[in-house]
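Inside the fold
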Amino acid sequence: MTSAARDFESSQDINIEKKMDSSRILDVGFVRLTLVLSIFAGILLILVILQTTEAALPAIQQFGLEFLVTSRWNPVENIFGVLPQIYGTLMTSLVALVFAVPLGIGTAIFLTEDFAPKWITVPIGFAIELIVAIPSVVLGLWGIFVLIPAVRPIFRAINESMKWFPLFGGPAPRGPSLLIVSLVLSIMICPIIASITRSTFESLPRNLRDGALALGATRWETILTVMIPAGLSGIVSSIMLAMGRALGETMVAAMISGNANRINISLMQPGSTITGLIASQFGEAGRLQVSALMYAGVVLMILTLVVNVLAEIVIRRFQNLEQ
Amino acid sequence: MSDSARFIGEEEKIDISSIAPIRNYSSRFLTFLSILCVVVLLASLSWVLWDVAKEGVNKLNWYNLTQIRYPAPGLEDGGFGHAIVGSLMVLSTAAVISFPFGILAAVYLSEFGRGTRLAYLVKFSCNVLTGVPAILCGLFAYAVVVRGSGFSAFSGGIATGVLMLPIVIRSTEEALLLVSPDMRLASVGLGSTRFQTTMRIVLPTAAPAIVTGLIVALARAAGEAAPLLFTSFNNNFWSTDLFGPVATLPVMTYFFAIIPFRPQQQLAWAGALVLLAMVLVASTISRFVVHKTKK
């Protein structure tokens, strides 16, 4: 070998090594970058929790757990409590579920169990998914100007005839009330239940259904005794996700609950939710009041986190069972 | 033998004749209920769409889209041009923050960290974050940004960005999972690095689905008023100051809906129509794109 050739070879070597080095650095750097970003995305949740709690600290120190059972909200005297809002939040969500669960499951059954040909079920499924996309402020606006006047006579009639029942009692309903919020919420969360339940049914093994049918069960006996029990965890988690959404829905509650700062057991009367309280008071709040609103936000966060984490765990367990 | 056979046959006969009608009728009744559920849902959807279209279209014209609500409340004038500009500012900030961030994080979850414990935890946390109410994203941005520097379009962008991030991550990850593993293997087999495979093969292949996911996330976020109420707040004038309060479409719709002046309420309906149209168009487009890629 001549020295020229050797030089050439070694220079080639160096070149390749250099090139490999830089592309390796780029490669490793890229992978690390994505790793760091995904870790940050993971801790974003913790960051949100910590920051909100930190901002709520003055109110937490001042009011402690009494905040949860006090029903006065008085910015002048700096006395704050969210009992009415906790009642309103839980009540509106639960009543919304009472409407939305049967509606959602019924819709899911219609869409999966071959009642209608594909060219009917596919567009219907799409239309129902569109409901989720409607901005909540639009639904709130619709609630104020369309739904409230439309249901007022019905509410009055129910109120007249069932005054003895605490949930429907009180003076004649005028407009904003917890029940209206529940109605709009149920429209909003119904598609969530329907779509998750639907994919649960679709993911169940075909054999289950065929087996039941072959044993002589009718279509509805199959659905009620085989499909629903088999898909129960999917249905339960869909209900919990829907509940999480209902608990945290802000604009609808702020616009049509009436934002009344007192406990009205009756659903026909104006009430308030945690989200509605925060939305309607934050603008003109003083220092301690902002902190108290943050505290209310922390309470809401705990409620939704419990519901969402449970839903997530149920879903994951279900997925593991499938595999 | 023949006796017992006859006996069984008779029993069956009795069974069928007494139970068949009940099974039949209850079946029909339940089918009716199930169809009723669908009808109720579709009816409420069309009721909302109809009212928003009917009320919104009155005030929806070029003048309103470009002017601002300068005249005092109660006067028959004004528009929401300033709110559209404000919404654009907030949304672009949110997009600049959450798009690159979300896509790269999703690349890790789908390409490099698939199946690891870390990816599992990140996904878990993102799913829970998706369920966190939008208003809490607003409180978070308030605590982080607004307490220091006051209401601003920028803080609204942060709140909306936090809201969008888990959605962007999830939709991008789903888009990446649609890319066939063969393409990755072929690319690595030809000697590409992981960076080259991701940038030249995986991301371009998944691009239509990723972009659709981004558009849907943006359209959904555009309709959210809750995180903006105490971050970008509101402003009755033209403002292009990223670090000052701006009006946005959803917040304007909210404030105009709860004041008792008819002209403002009409503007609220028009704003609602714009929001609704945006979201519906985005959802419809995504529907067709996703359909195409799945085929």
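Rules and cut-offs
Residues numbered from 1 in each chain as written. Chains lettered and ligands numbered in written order. Predicted model: local features only at pLDDT ≥ 70, side-chain atom pairs only at ≥ 80, totals over all residues. Helix = DSSP H or I, 4+ residues; strand = E, 2+ residues; numbered from the N terminus. Buried ≥ 20, exposed ≤ 12 C-beta atoms within 10 Å, placed from the backbone. Contact = placed C-beta atoms within 7 Å. Rg over C-alpha atoms; globule rule 2.2 N^0.38 Å. Domains from an automatic or database assignment. Nonpolar A, V, L, I, M, F, W, Y, C, P; charged D, E, K, R; others polar. Core = buried A, V, L, I, M, F, W, Y, C linked by C-beta atoms within 7 Å. pLDDT = per-residue confidence, 0-100. Expected span 1.5 Å × (residues − 1). Bend = angle between axes of the 7 residues up to and from the residue. Axes fitted to C-alpha atoms, helices over the stretch in contact; angles between N-to-C directions. Parallel < 35°, antiparallel > 145°, perpendicular 65-115°, else oblique. Left-handed = near helix turned anticlockwise from the far one by under 90°.

**Here's the deal with the overall build of chain B**
- Each helix and strand counted, chain B has ten helices and zero strands in total.
- Each helix (α) and strand (β) of chain B, taken in turn from the N terminus, gives the series α-α-α-α-α-α-α-α-α-α.
- Sorting the 295 residues of chain B into buried and exposed places 47% on the buried side.
- In chain B, the share of contacts with a sequence separation of at least 24, taken over all contacts with a separation of at least 6, comes to 74%.

**Examining the overall build of chain A**
- Broken down by element type, chain A carries eleven helices and two strands.
- Taking 323 residues into account, the globule formula puts the C-alpha radius of gyration at 20 Å, and chain A, at 28 Å, lies well above it.
- Projected onto the principal axes, the alpha-carbon positions of chain A cover approximately 110 × 70 × 35 Å.
- Residues counted as buried form 46% of the 323 residues belonging to chain A.
- Sequence-distant contacts, at least 24 apart, represent 76% of the contacts inside chain A between residues at least 6 apart.

**Comments concerning the domain arrangement of chain A**
All names here are of chain A.
- Entries for chain A in the domain assignment read domain 1 (1-64) and domain 2 (69-322).
- Its C-alpha centre places domain 1 at a distance of 42 Å from the equivalent point of domain 2.
- Taken residue by residue, the interface counts nine residues in domain 1 and nine residues in domain 2.
- Grouping the amino acids of the side of domain 1 that touches domain 2 by side-chain chemistry returns seven nonpolar, two polar and no charged.

**Let's talk about the domain arrangement of chain B**
Residue and element names in this part refer to chain B.
- Domain annotation for chain B reports domain 1 (2-57) and domain 2 (64-294).
- Listed by partner, the interface residues are five residues for domain 1 and five residues for domain 2.
- The class makeup of the residues in the side of domain 1 that touches domain 2 is three nonpolar, one polar and one charged.

**Examining the nonpolar core**
Residue and element names in this part refer to chain A.
- Residues Val184 and Ile193 are the most contacted members of the largest nonpolar core, which totals 180 residues.
- The greatest single-element share of this core, amounting to 16 residues, is contributed by helix α5 (residues 178-203).
- Setting aside anything within four residues of it in sequence, one finds isoleucine 193 in contact with Ala100, Val101, Gly104, Ile105, Ser238, Ile239 and Ala242.

**Comments concerning unusual backbone geometry**
All names here are of chain A.
- A positive phi angle is found at asparagine 78, which is not glycine, with a value near 60°.
- Residues other than glycine seldom take positive phi values, yet asparagine 259 does so here, at roughly 50°.
- Here asparagine 259 is to be found in the loop between α9 (251-256) and α10 (274-281).
- Judged by the 21 C-beta atoms lying within 10 Å of it, asparagine 259 is buried.

**Thoughts on the interface of chain A and chain B**
- Listed as interface residues are 68 residues of chain A and, on the opposing side, 71 residues of chain B.
- Counting residues per element, the side of chain A that touches chain B draws most heavily on helix α1 (residues 3-63) of chain A, which supplies 20 residues.
- Looking at the side of chain A that touches chain B residue by residue, the classes come out as 46 nonpolar, 18 polar and four charged.

**Here's the deal with the environment of Ala119(B)**
Residue and element names in this part refer to chain B.
- The topology assignment puts alanine 119 in helix α4 (residues 117-131).
- Taking the C-alpha atoms as reference points, alanine 119 and alanine 105, 14 residues apart in sequence, are found 9.8 Å from one another.
- Once residues lying within four places of it in the same chain are set aside, the contact partners of alanine 119 are Leu109, Gly113 and Arg114.

**Some points on the confidence of the model for chain A**
- Across chain A, pLDDT averages 86, with 92% of residues at or above 70.
- Looking at the elements of chain A, mean pLDDT is at its lowest for α1(A), recorded as 80, and at its highest for helix α2 (residues 83-112) of chain A, recorded as 93.

**What about helix α6 (residues 153-177) of chain B?**
All names here are of chain B.
- A rise of 1.5 Å per residue sets the reference length of α6, with its 25 residues, at 36 Å; its end C-alpha atoms lie 35 Å apart and thus fit the reference within 8%.
- Of all the bends in α6, the greatest reaches close to 35° and is centred on methionine 164; the proline proline 166 follows between one and four positions later.
- When you tally the buried positions in α6, you get 22 out of 25 residues, the bulk of the element.

**Structural notes on the packing of helix α7 (residues 181-189) of chain B against helix α8 (residues 194-222) of chain B**
Residues and elements named next belong to chain B.
- Put simply, α7 and α8 touch, their axes get as near as 10 Å, and they point 160° apart. By the angle between their axes, α7 is roughly antiparallel relative to α8. For the element pair α7 and α8, the recorded crossing hand is right-handed. For the pair formed by α7 and α8, the contact residues are Met183, Arg184, Ser187 and Val188 on the first element and Thr197, Ile201, Val202 and Thr205 on the second.
- Residues of the contact of α7 with α8, tallied by class, amount to four nonpolar, three polar and one charged.

**Thoughts on the environment of Ser266(A)**
All names here are of chain A.
- When you line up the elements, serine 266 lands in the loop between α9 and α10.
- With 107 residues separating them in the primary sequence, serine 266 and asparagine 159 have C-alpha atoms 9.8 Å apart.
- Once you skip the residues sitting within four places of it in the chain, serine 266 turns out to touch Pro166, Leu167, Phe168, Gly169 and Gly170.

**Digging into α4(B)**
- With 15 residues, α4(B) should cover 21 Å at 1.5 Å per step; its first-to-last C-alpha distance of 22 Å lies within 8% of that length.
- Among all positions of α4(B), only Val122(B), Lys123(B), Cys126(B), Asn127(B), Leu129(B) and Gly131(B) are buried.

**Concerning the environment of Gly213(B)**
All names here are of chain B.
- Take glycine 213: it is sitting in helix α8.
- With 26 C-beta atoms packed within 10 Å, glycine 213 lands in the buried category.
- Put simply, glycine 213 and glycine 244 are 31 residues apart on the chain and 30 Å apart in space, counted from C-alpha to C-alpha.
- For glycine 213, the residues in contact, after removing those within four places along its chain, are Val168, Ser171, Thr172 and Ala175.

**Digging into the confidence of the model for chain B**
Residue and element names in this part refer to chain B.
- Summary statistics for chain B give a mean pLDDT of 84 and a share of 86% for residues scoring 70 or more.
- Ranking the helices and strands of chain B by mean pLDDT puts α6 first, with 93, and helix α2 (residues 62-66) last, with 68.
- For the stretch residues 1-5, pLDDT sits under 50, and the model shows zero contacts to residues farther than four places along the chain or on other chains.

**Observations concerning the packing of helix α4 (residues 136-161) of chain A against α5(A)**
Residue and element names in this part refer to chain A.
- α5 packs onto α4 with a crossing angle of 130° between their chain directions and a minimal axis gap of 10 Å. On the basis of the axis angle, α4 is oblique to α5. Taken as a pair, α4 and α5 cross one another with a handedness that is right-handed. Note on element contacts: α5 touches α4 through Ile180, Leu183, Val184 and Met188, opposite Ser136, Leu139, Gly143, Leu147, Ile148 and Val151.
- Looking at the contact of α4 with α5 residue by residue, the classes come out as eight nonpolar, two polar and no charged.

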